[in-house]
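# Descriptive analysis of the structure
One-letter residues, chain by chain:
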Amino acid sequence: MYVLEVLSGPLDGKTWAFEREITIGRDDALAEACIALDRYISRRHARLTAGEDALRIADLESRNGTKLNGRPVVGEAPLEIGTPFIVGRTVLRVTREA
């Protein structure tokens, strides 16, 4: 089980648990991790997918992009546990559930 956590942004400290996949966005009808207060986040912005031994992050053709290690995510990219990434103006990270 994984935990998606807001490190900085309008929902600082908010978390969502997920097992295989979670979509991040501004519209709660389209995204399990809804961050409606960040107007720079698209309705369906990014998706995290957990494989057998790796996490992947994908930008879902969002208007303002997704950044990992200071670079835009194009298509899909590997994501290390604990590495911060930016969606809109919100900084998030994924950890393992204790």
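Read on for a plain summary of the structure. (Residues numbered from 1 in each chain as written. Predicted model: local features only at pLDDT ≥ 70, side-chain atom pairs only at ≥ 80, totals over all residues. Heavy atoms only, no water.)

This part takes up the sheet that holds strand β1 (residues 2-8). A sheet is described by the order of its strands in space; here six strands give the open sequence β2-β1-β11-β10-β7-β8, paired in antiparallel fashion. Since the sheet does not close on itself, it has two edges, and those belong to β2 (15-18) and β8 (71-72), each with one partner. Sheet topology places β1 next to β2; four bridges connect them, and they run antiparallel. Residue pairing across strands places Val 3 opposite Ala 17, the latter belonging to β2. (Pairing = 2+ DSSP bridges. Helix = DSSP H or I, 4+ residues; strand = E, 2+ residues; numbered from the N terminus.)

Moving on to the pairing of strand β9 (residues 76-79). Remember that side chains alternate between the two faces of the sheet whenever the strand is regular. Residues Ala 77 and Leu 79 of β9 are buried on one face, while the alternating residues Glu 76 and Pro 78, pointing to the opposite face, are not. Direction of pairing for strand β6 (residues 55-59) relative to β9: antiparallel, over a ladder of four bridges. Looking at the pairing, Leu 55 lines up with Leu 79 of β9. (Buried < 20%, exposed > 50% of the residue type's maximum accessible area, 1.4 Å probe, protein only.)

This paragraph deals with unusual backbone geometry. Backbone geometry places Glu 61, a non-glycine residue, at a positive phi of 55 degrees. Residue position: Glu 61 is located in the loop between β6 and β7 (66-68). One non-glycine residue with positive phi stands out, namely Asn 69, at about 55 degrees. Relative to the helices and strands, Asn 69 resides in the loop between β7 and β8.

On inspection of all chains with the given rule, the structure shows one aromatic pair. Plain terms: the ring middles of Tyr 2 and Phe 18 are 5.5 Å apart, the flat faces sit at 25 degrees to each other, and that makes the pair stacked. Taken as a pair, Tyr 2 in strand β1 and Phe 18 in strand β2 lie far apart in primary sequence, 16 residues in all. Take Tyr 2 and Phe 18: they sit in the same class, and that class is buried. (Phe/Tyr/Trp six-rings, centres within 6.5 Å; stacked < 30°, edge-to-face > 60°.)

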